[in-house]
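Reading the structure
Spelled out from the first residue to the last, the chains are:
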Amino acid sequence: MEPIEHHKRFEYCTTRLQYRQGREVKAVKVYTAASESRHMLIFGVPKINLHTNIKNKLQSFGKLLSCTCVTSEFAKSMELEAFTDVFAVHFERLEQARRAKRQLDAKQFYGGILHISYAPERETLQELREKFVQRRKEIVHRIQRNLAEQPPPKQARQEKDV
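Attention here is on the structure that accompanies the text. It should be emphasised that the depicted structure is a prediction, and the values quoted were computed from it without experimental measurement. (Residues numbered from 1 in each chain as written. Predicted model: local features only at pLDDT ≥ 70, side-chain atom pairs only at ≥ 80, totals over all residues. Heavy atoms only, no water.)

**Some points on the overall build of the chain**
- Within the chain one finds 5 helices and 6 strands.
- In sequence order, the chain lays out its α and β elements as β-α-β-α-β-α-β-β-β-α-α.
- Restricting to contacts in the chain with at least 6 residues of sequence separation, those with at least 24 account for 72%.
- Per element, the accessible surface of the chain, about 11,500 Å² overall, is 52% carbon and sulfur. (Helix = DSSP H or I, 4+ residues; strand = E, 2+ residues; numbered from the N terminus. Contact = heavy atoms within 4.5 Å. Areas by Shrake-Rupley, 256 points an atom, 1.4 Å probe, with all protein chains shown as cover.)

**Some words on the packing of aromatic side chains**
- This structure, assessed with the given rule, holds 2 aromatic pairs.
- Both rings, one in Phe43 and one in Phe74, keep their centres 5.9 Å apart while their planes meet at 80°; by these two values the pair is edge-to-face. Residue Phe43 is found in strand 1 (residues 39-46), and its partner Phe74 is found in helix 2 (residues 71-75); the two are separated by 31 residues along the sequence. The burial state of Phe43 is the same as that of Phe74; both residues are buried.
- Ring centres 4.9 Å apart and planes at 75° place the aromatic pair Phe109 and Tyr110 in the edge-to-face group. (Phe/Tyr/Trp six-rings, centres within 6.5 Å; stacked < 30°, edge-to-face > 60°. Buried < 20%, exposed > 50% of the residue type's maximum accessible area, 1.4 Å probe, protein only.)

**Section: helix 3 (residues 94-104)**
- What helix 3 keeps buried is the set Leu94, Gln96, Ala97, Arg98, Ala100, Lys101 and Leu104.
- Where helix 3 is buried, its residues meet strand 1, helix 1 (51-59), strand 3 (84-91), strand 6 (115-118) and helix 4 (125-149).
- Phi turns positive, to about 65°, at Ala106, one or two residues after helix 3.

**A look at a nonpolar patch on the surface**
- On the surface, a cluster of nonpolar side chains totalling about 270 Å² of accessible area is made up of Ile139, Ile143 and Leu147.
- Turning to its location among the elements, Leu147 is positioned in helix 4.
- Judged by relative accessible area, Leu147 falls into the exposed class, the value being 54%. (Patch = residues over 30% accessible without salt bridge, like charges linked within 9 Å, V, L, I, M, F, W, Y side chains within 5 Å. Salt bridge = Lys/Arg side-chain N within 4 Å of Asp/Glu carboxyl O.)

**Remarks on the side chain of Gln96**
- Relative to the helices and strands, Gln96 resides in helix 3.
- Among all residues touching Gln96, those that are not within four sequence positions of it are Phe61, Gly62, Lys63 and Phe91.

Pasting the structure below:
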């Protein structure tokens, strides 16, 4: 497997204006519907037989379909941090993967700092289709909700008052 650019960890953004800076310094990264995935790679897990520990930690976010160590697969193609493992994780739902990434990325885990990235290259064509269908449904739902929350136009209100 070739090293893929989106698996590399970015430096934190230090040039944001003060009023735009949040409580935590973060790397700037934009995700599209295609780049988000139920499949994730977890880098930086200390190599001290933590498979069950990382699996238990991830199961707190939702149902895991798989959690496998893929260190040997990645060690051939990209430079990994010494004495760490890489895990490939597959969640049942995209929301669960999003939450796990948001809460665990750049957090300490048994002395190592985790780096979590989506792995859309591990998706099948069927999973990709399902993801786009689900995304369309979410967008339609949000549009309908926003339209329902909007106040009626001023012209319509004036006609009702008359």
